[in-house]
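Given next are the chains, with one letter for each unit.
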Amino acid sequence: MTTETAYRAGGPGRADGVGTWAVLLPAERYEAERLVHHDTLELTGLTDVVRPGPGDQVAVLVDAPPRLVALGRVAATGRRHREDPDDPQSGVEPGTLVVAYTRRAFDEPAPADLLTLDGPVTALEPAAFRALADQLGPPPARRTWLVSLDLPIEAGTPAEAVRLFWSYVQELGPRELPAFVSPAGDELAMQAFVLGAEANQDPEEDD
């Protein structure tokens, strides 16, 4: 597989009439994207003279080692997201790059060791973009999952217990609270997840 970059001196690559680019996610932003589902990725503070335009295709990567974690297309506009330490997207400002996700692979990234990046945003040859995208293969089949969060809460009334529940959820969030997930109809296959990854909740297995 060849994944050579097209440097800006030669202009961005084109595939299907649109530009093809690689965007590098900061480590802390990658963790946030893994924890909370977003429809779009908003990146601020970009100063590139040549940058993606609306409709351009984007490969979203993380470094150390280089991995492909998502694909998307540049959107013309975005919307403001609520402020949340696990959802750090900001309002659209001048210089903001808004990418609408078309495929996510945060749980099983594809290697991108042969790709050379020259900054937060890099123009790619169309062949390099296609080679990256092909590594993801077809998306997994969608199915129904049961996700639950159980908290023992002391309260005087059911309504107060519910209020305290949501208070704890907002305060602790996915970084500290285990969520339990199982395929619908197969509760015996339940798994606990913390920080977006499977976590053992059986203290006897830790001994």
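That block above? That's the structure.
Residues numbered from 1 in each chain as written. Predicted model: local features only at pLDDT ≥ 70, side-chain atom pairs only at ≥ 80, totals over all residues. Heavy atoms only, no water.

Assignment of secondary structure puts Glu33 in helix 1 (residues 27–35). At a separation of 3.0 Å, a polar atom in the side chain of Glu33 contacts the side chain of His38. (Helix = DSSP H or I, 4+ residues; strand = E, 2+ residues; numbered from the N terminus. Polar contact = N/O pair within 3.5 Å; in protein donor to acceptor, adjacent residues only side chain to side chain.)

Here we take up the nonpolar core. Leu25, Leu41, Val58, Val60, Val69 and Phe106 are the most contacted members of the largest nonpolar core, which has 19 residues in total. Of all the secondary structure elements, the ones that give two or more residues to this core are strand 2 (18–24), strand 3 (40–43), strand 4 (57–62), strand 5 (67–74), strand 6 (97–104) and strand 8 (121–123). Counting residues in each nonpolar core, the second largest holds 14 residues, with Ala22, Leu61, Leu115 and Leu136 among its members. (Core = buried A, V, L, I, M, F, W, Y, C linked by side-chain atoms within 4.5 Å. Buried < 20%, exposed > 50% of the residue type's maximum accessible area, 1.4 Å probe, protein only.)

All right, on to the sheet that holds strand 12 (residues 197–198) then. Within the open sheet, the 4 strands sit side by side as 9-10-11-12. Their pairing is antiparallel. Each edge of the open sheet carries a strand with a single partner, namely strand 9 (145–148) and strand 12. In this structure, strand 9 lies alongside strand 10 (residues 179–183), joined through 4 bridges in antiparallel fashion. When the bridges of strand 10 are listed, Val147 appears paired with Val181. (Pairing = 2+ DSSP bridges.)

Turning our attention to the pairing of strand 2. With respect to burial, strand 2 is a largely interior element, 6 of its 7 residues being buried. Bridge count between strand 2 and strand 4: 5 bridges; the pairing is parallel. What sits directly across from Val23, in strand 4, is Val60. Pairing of strand 2 with strand 8, which is carried by 3 bridges, proceeds in the antiparallel orientation. Within strand 8, the position partnered with Ala22 by the bridge is Thr122.

This paragraph deals with the pattern of salt bridges. Going through the model one piece at a time under the given rule, you end up with 2 salt bridges. In this structure, Glu33 engages Arg29 in a salt bridge whose closest nitrogen and oxygen atoms are separated by 3.1 Å. Here Glu33 pairs with Arg29, and both are found in helix 1, just 4 residues apart, close to one helical turn. Arg29 matches Glu33 in its accessibility class, with the two residues each being buried. Arg34 is paired through a salt bridge with Glu31; the nearest N and O atoms lie 3.1 Å apart. Highlighted residues: Arg34 and Glu31, both in helix 1, separated by 3 residues, approximately one helical turn. (Salt bridge = Lys/Arg side-chain N within 4 Å of Asp/Glu carboxyl O.)

An ideal rise of 1.5 Å per residue puts 21 Å on 15 residues; helix 3 (residues 158–172) measures up with 21 Å between its terminal C-alpha atoms. One or two positions beyond helix 3, positive phi appears at Gly173, with a value near 65 degrees. (Expected span 1.5 Å × (residues − 1).)

Residues of helix 2 (residues 126–136) that are buried: Pro126, Ala128, Phe129, Ala131, Leu132, Ala133 and Leu136. Where helix 2 terminates, the next one or two residues include Gly137, which has phi positive at roughly 70 degrees.

Here the focus is the side chain of Arg103. Examined against the element boundaries, Arg103 turns out to sit in strand 6. For the buried Arg103, no salt bridge exists, and the shortest N-O distance to an oppositely charged side chain is 7.3 Å, to Glu108. A polar atom in the side chain of Arg103 sits 2.7 Å from the backbone oxygen of Gly137. Residues contacting Arg103, with those up to four places away along its chain left out, are Ala70, Leu71, Leu136, Gly137, Pro138, Pro139 and Pro140. (Lys, Arg positive; Asp, Glu negative; His and termini not counted. Contact = heavy atoms within 4.5 Å.)

Honestly, it's all geometry; don't read function into it.
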